[in-house]
Amino acid sequence: MRFFTRIIRVPLLVLTLLIAGFAPSAMAQEASISGFVRDADTGETLLLANVRIKDTLIGAATNTSGYYALTGLEPGDYVVQFSYIGYQPLELSITLAPGESLRRDVDLLPQEFEVDEVVVTADADTEEEQRQLGVSRMPTATIRQLPTVLEPDVFRSLQLLPGVKSASDFSSGLYIRGGSPDQTLILLDRTTVYNPTHFFGLFSTFNPDAIKDVRLYKGAYGAEYGGRIGSVVDIYNKDGNRRENAGSVSVGLLASRALVEGPHKRGSWMLAVRRSTVEPLLAIARNQDVEGIPNTFYFYDANGKVNVDINQDNRLSLSFYSGQDVVDVPIADQVSARLRYGNRTLSTNWTHLFSDRLFSNFTVTGSHYFSKPEFEFATTDVFQTNDVWDYSVKGDFEYIPDSRNQFKAGFWMGNYRFDFRSVFDGLEGLNLKTRAIYTNLFGEYIFRPTASWTITSGLRGAYFSDGDYVRVEPRLAVERRVTDKLFAQVGMGRYHQFLTLVTNEAFSGLDTWLSAAENVSPAFGDQIVTGLKYTSDAGFRIEWEGYYRTMRDLFSLNPFLPDVAGLEYEELFHFGEGYATGSEVFIQGSIGPFSGFAGYTFGVTKRRFPTINENQYYAPKYDRTHDLNVTTNARLSSKWTFTSVFTYATGQAYTRPSSQYRLGNSPFEAQQTEVLVSPFNGARLPAYHRLDIGFTRKGSLFGAESEWQFQVINAYNRRNIWFYFYEFEGDGDVSREVVPQIPVPVPNISYTLRF
């Protein structure tokens, strides 16, 4: 407790000094307006809503709690404008007296047509925070409407953004700007999620019905985030309807979902559940003697949240997530696999307003990831267990003395526990246990010297007890308003990562997390990002970003070790480096009933390990030189809409066998065939491209809103290649078999009822 007290004193002391420095007598005459921006129908707070003084450049965006503050205002009459994507704008006339702190919570009405929300960034207004470099938002309405492989998915939708790539049709993993999935921090209600996948990695664990906001930081993010050298996905659950009891039920081919929410005396609550419904189809396949059908397969997840408004300055919330996959599948004769993996998270959040200028959040979190695969080969049993426990306390403070200055500070401290054990036929191979304390402190200063310039500087410090590592991470971002429609930006920073993920790209249920330790240094990297953002008079948004990032001291399990038993921890790894560079273009807009967005990426990423390719740089499997995604939406009538998604990407890198030789007349061993391979990942699969289409029909049933969705995945029957399987015949011939991704058009039908 004494250590915690010392930690929390640091950001509070910094903020106290800042407040003292910005408390001249003139401030007593300045006025302010602050409050929360909410959905008028549900009472949900709106994140990144735009708030602006009319006919001025004074403005702000609501934070992750929906709170805004316009401070340092001269006494007088003002018109305050509020806007948010998919909602009707609102103007509020106010009069501020000298020294007045006016509290105004604002409700915005949703627009009539939800389909107009099929956008990823902002509308024609130049939102303060949505202009952030490298930041993208994905509305949940978009996620639900996009054609998808059997189930609406958060990560599949994010893969449509420039700079974000997937490994295959069967993977929802996020490969962002040349980084592997473990280089992306995944947060759900400020809690780390370690394996956010279901169904062998086919889609993510996040139920779109339960999600309020999805925000992606692709790179050069600010000092408030850390722990990963690549990017951040920050997801927030719904608070629950504060106006009335409501709910929805959705039935699909693969999974079905249900949501209930409503108000209570001092707040709101929400509960969303989802479970697989594929068991009847599997039973039919087993009765038809189809090989490889699981004997047992199901997954489920549940999200819940309860909010309590103590008073207008204090709010408490408790949220949880629980999800699990269970599979029992025969692989071959006398070979079977039993798999169980999942996540559990719990977080408690206290939002407290010290004043209209000083905002704070305190969060206590717990996260548990487990993976327990078992394999049976005749009479031989093989199993492994991997458990990750992460318990933490974090606090964030935001101080806004006036429209030119803004300060953020915070801490995040906790305890890691990693357990990994593998057993082969009763003999223990590995038994690793890691216990580590981590502590992070950060401070950030946002300075607007003029209406045209915004300078954000930050510093983050990190401590990891296993190895006594202390790291310092400077951050800097500069924005120049060239015109009212054009913004130029540059950002840079250093980032550290104390964890690594051992993953199977074909199946995420075997993912294993390991950590830095003594003689295993944490990975680190530097990033620099530049950008231009332009909004036309017609409302079209055109964005360009270029990036370069380094990855140093990468550590991963050495795949070439013949036997790991008895080795020291640091001897299990090989160490390498890498870099990534690229250029991204994003266009979004609407014309009449048509709307949509398109993203293109030119990117290069390379890795180098001494045990691979003679320590020469090579392209990892997820390297894509060209990547194009085009999403369109057409409102056909008041009931019908049409949506399509087209994707094109450079083929994956792979290693092609180049020749073989046979060693004869050896006095030491029997005759055998050896295979020579070409340079590691030196060949490319054919280009990948696919078209998905969908129709949505809105209606009603017994007074409740209903929705039918009819979709076709891989509409023009493209046979994209997943990988090649080579087999060498006894006569020296080589046969190559193509293993496809989604090989045929796949229909999908779902029905949703909202009440």
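Quick caveat: nothing in here was measured; it's all calculated off a predicted structure. (Residues numbered from 1 in each chain as written. Predicted model: local features only at pLDDT ≥ 70, side-chain atom pairs only at ≥ 80, totals over all residues. Heavy atoms only, no water.)

Let us look at the sheet that holds strand S3 (residues 59-61). Read across the sheet, 4 strands follow the order S3-S2-S5-S6 without closing on themselves; strand pairing throughout is antiparallel. Pairing within the sheet leaves two strands with one partner each, and these edge strands are S3 and strand S6 (90-96). Strand-to-strand twist of the sheet, defined as the mean angle between neighbouring strand axes without regard to direction, takes the value 20 degrees. Looking at chain direction, strand S2 (residues 50-53) and S3 are connected through 3 bridges and run antiparallel. Of the residues in S3, the one forming a bridge with asparagine 50 is alanine 61. (Pairing = 2+ DSSP bridges. Helix = DSSP H or I, 4+ residues; strand = E, 2+ residues; numbered from the N terminus. Axes fitted to C-alpha atoms, helices over the stretch in contact; angles between N-to-C directions.)

Within the fold, glycine 323 resides in strand S22 (residues 314-332). With 23 residues separating them along the chain, glycine 323 and tyrosine 300 place their C-alpha atoms 5.5 Å apart. Contact partners of glycine 323, with chain neighbours within four places excluded, come to Tyr300, Asp301, Tyr341, Gly342, Asn343 and Arg344. (Contact = heavy atoms within 4.5 Å.)

In this section: the nonpolar core. The tendency in soluble globular proteins is for nonpolar side chains to be buried side by side. Counting residues in each nonpolar core, the largest one holds 46 residues, and the members touching the most others are Tyr416, Trp513 and Tyr569. Contacts of tyrosine 569, omitting those with residues within four sequence positions, involve Leu432, Leu514, Ser515, Ala517 and Val520. Formed by 24 residues, the second largest nonpolar core is a distinct cluster that contains Leu158, Leu188, Val214 and Val233. (Core = buried A, V, L, I, M, F, W, Y, C linked by side-chain atoms within 4.5 Å. Buried < 20%, exposed > 50% of the residue type's maximum accessible area, 1.4 Å probe, protein only.)

Turning to the pattern of salt bridges, a few remarks are in order. Using the criterion set out here, one finds 36 salt bridges in the structure. Two residues, aspartate 107 and arginine 38, come together in a salt bridge whose shortest N-O distance is 3.0 Å. Residue aspartate 107 is found in strand S8 (residues 106-108), and its partner arginine 38 is found in strand S1 (residues 31-39); the two are separated by 69 residues along the sequence. Using a relative accessible area of 19% as the deciding quantity, one classes arginine 38 as buried. Between lysine 212 and aspartate 239 there is a salt bridge whose closest N-O contact spans 3.1 Å. (Salt bridge = Lys/Arg side-chain N within 4 Å of Asp/Glu carboxyl O.)

In space, the 5 strands of this open sheet follow the order S9-S16-S17-S12-S13, with mixed pairing throughout. Since the sheet does not close on itself, it has two edges, and those belong to strand S9 (135-137) and strand S13 (191-192), each with one partner. By the bridge criterion, 2 bridges tie strand S12 (residues 184-188) to S13 in an arrangement that is antiparallel. Across the sheet, the residue bridging to leucine 188 is threonine 191, located in S13.

Moving residue by residue along a regular strand, the side chains alternate between the two faces of the sheet. Strand direction decides the pairing type here: strand S44 (residues 688-701) and strand S45 (residues 704-713), joined by 9 bridges, are antiparallel. For threonine 696, the partnering residue across the bridge sits in S45 and is glutamine 709. From the end of S44 to the start of S45, which pair antiparallel, there are 2 residues, and phenylalanine 702 there has a positive phi angle of about 55 degrees. Pairing between S45 and strand S48 (residues 746-754): 9 bridges, direction antiparallel. Across the sheet, residue glutamine 709 finds its bridge partner in S48, namely serine 750.

Inspection of every chain in the model, using the stated rule, returns 33 aromatic pairs. On the numbers, 5.4 Å between centres and 70 degrees between planes, the contact of tyrosine 654 with tyrosine 724 is edge-to-face. A residue pair is termed long-range when its members are at least 10 positions apart, and tyrosine 654 in strand S40 (residues 653-654) and tyrosine 724 in strand S46 (residues 721-728) qualify at 70 residues. Measuring from ring centre to ring centre gives 4.6 Å for tryptophan 708 and tyrosine 751, while their planes differ by 50 degrees; the resulting arrangement is tilted. (Phe/Tyr/Trp six-rings, centres within 6.5 Å; stacked < 30°, edge-to-face > 60°.)

Before going further, it helps to spend a moment on the environment of isoleucine 176. Within the secondary structure, isoleucine 176 is located in strand S11 (residues 175-176). Along the backbone, isoleucine 176 and proline 162 are 14 residues apart, and their C-alpha atoms lie at a distance of 9.0 Å.

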